[in-house]
Amino acid sequence: MRIAFIGKGGAGKSTISSTFARLLARRGNAVVAVDSDPMPGMCFGLGLPVVERPIPDDAVVEKADGEPGPRYRLRAGLHAVDALAAYSIAGADGVRLMSFGKTRGSWGDIARGQHAWSQILDELPAEGFDLVGDLPGGTRQPMTGWGKYADALLVVVEPTAKSMTTALRLSSLQRSKWNFSEIVAVVNRVSEPGDAAMVEVRTGLTVVGAIPNDSEVETADRAGLAPLDVAPNSPFVQSVEALVSECVLRYSSEQFDRSGPKPKESVA
């Protein structure tokens with residue numbers, strides 16, 4: 001499974017994606033949490049302090065003049081699986097967190113590592129690794145291809161006008177060159193019976209999960225802790241577990257040909 005969570009800032013992507021990754025790992029899957037969000041949300045959900053391990057400069061080389069491909073790549077002999085083992089961070093439940101680094105100056109300061117980060121995702125074997133990504137809020141990263149490693153995009157949508165407007169704009173990625181097999185919605189902070197249906201109508205996206213407005217999530221957030229650790233039986237965790245089950249049915253690796261992924265069948 002290769003999925004990425006996108007949506008408006010503050011919609012709950014990091015909390016949902018990190019909880020999703022851990023629950024998936026508990027099923028025996030080798031899960032990589034793919035963090036391209038400059039905020040540290042995935043760390044908290046994975047039971048980690050605010051840590052990062054960007055790919056160091058000595059692991060990356062610049063291409064020769066006239067050589068095709070991106071400007072930077074992993075040095076010769078450093079393969080994707082080995083780079084993942086060396087530069088990712090172990091989180092709770094065996095999830096490996098791979099971050100492309102956080103900008104503290106100009107973009108050029110971390111450009112080398114970001115190219116290598118993208119190469120690792122491209123070259124990891126589809127069999128053996130499940131990728132669960134968390135992209136920053138808004139449209140910029142998704143629209144410029146940062147989620148291209150994913151077979152499916154899950155748009156986290158709150159039942160608010162601003163969040164649904166962002167989701168509607170992101171739905172245009174269905175026509176992008178990256179050939180995502182599906183772009184679907186996960187409705188977060190549901191408080192009314194008709195919230196999921198309203199999101200479907202307003203965004204045109206199929207809703208594959210509905211997560212209730214849960215005060216225990218806010219309690220965990222205030223403490224900088226993972227909801228899965230603070231309230232493992234909460235409605236939030238139960239709903240994310242149901243989302244994992246749905247996604248396993250829809251996006252398990254055998255469903256896809258990476259050269260042009262399309263689901264074999266869809267689950268209502």
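Conventions used here
- Residues numbered from 1 in each chain as written.
- Predicted model: local features only at pLDDT ≥ 70, side-chain atom pairs only at ≥ 80, totals over all residues.
- Heavy atoms only, no water.
- Axes fitted to C-alpha atoms, helices over the stretch in contact; angles between N-to-C directions.
- Helix = DSSP H or I, 4+ residues; strand = E, 2+ residues; numbered from the N terminus.
- Parallel < 35°, antiparallel > 145°, perpendicular 65-115°, else oblique.
- Left-handed = near helix turned anticlockwise from the far one by under 90°.
- Contact = heavy atoms within 4.5 Å.
- Nonpolar A, V, L, I, M, F, W, Y, C, P; charged D, E, K, R; others polar.
- Buried < 20%, exposed > 50% of the residue type's maximum accessible area, 1.4 Å probe, protein only.

**Q** What exactly am I supposed to notice about the packing of helix α1 (residues 13-25) against helix α10 (residues 235-251) here?
**A** When two helices pack together, their arrangement is given by the angle between their axes and by how far apart the axes lie. Between α1 and α10, whose axes approach to 9 Å, the crossing angle comes to 65 degrees. Comparing their axes, α10 and α1 come out roughly perpendicular. The element α1 and its partner α10 pack so that their crossing is right-handed. On the side of α1, the interface is formed by Thr 15, Ile 16, Thr 19, Phe 20, Leu 23 and Leu 24, while α10 contributes Phe 236, Val 237, Val 240, Glu 241, Leu 243, Val 244, Cys 247 and Val 248. Along the lines of polarity and charge, the residues of the contact of α1 with α10 split into 11 nonpolar, two polar and one charged.

**Q** Would you mind going over the environment of Leu 48 with me for this structure?
**A** In this fold, Leu 48 is placed in the loop between α2 (41-45) and β3 (60-62). For Leu 48, a relative accessible area of 14% gives the class buried. Taking the C-alpha atoms as reference points, Leu 48 and Val 208, separated by 160 residues in sequence, lie 28 Å from one another. If we ignore the near neighbours within four places in the chain, the residues touching Leu 48 are Cys 43, Ile 89, Ala 90, Gly 91 and Leu 97.

**Q** How should unusual backbone geometry be read in this particular structure?
**A** Trans is the prevailing form of peptide bonds, just as negative phi is the prevailing case for residues other than glycine. One non-glycine residue, Asp 93, lies in the positive phi region at around 65 degrees. The residue Asp 93 is located in the loop between β5 (89-90) and β6 (96-99) in this model. Residue Asp 93 is classed as partly exposed on the basis of its relative accessible area, which comes to 32%. Positive phi is not limited to glycine here, since Asn 179 has a value of about 60 degrees. Relative to the assigned elements, Asn 179 resides in the loop between α6 (161-170) and β9 (182-190). Owing to a relative accessible area of 30%, Asn 179 belongs among the partly exposed residues under this scheme.

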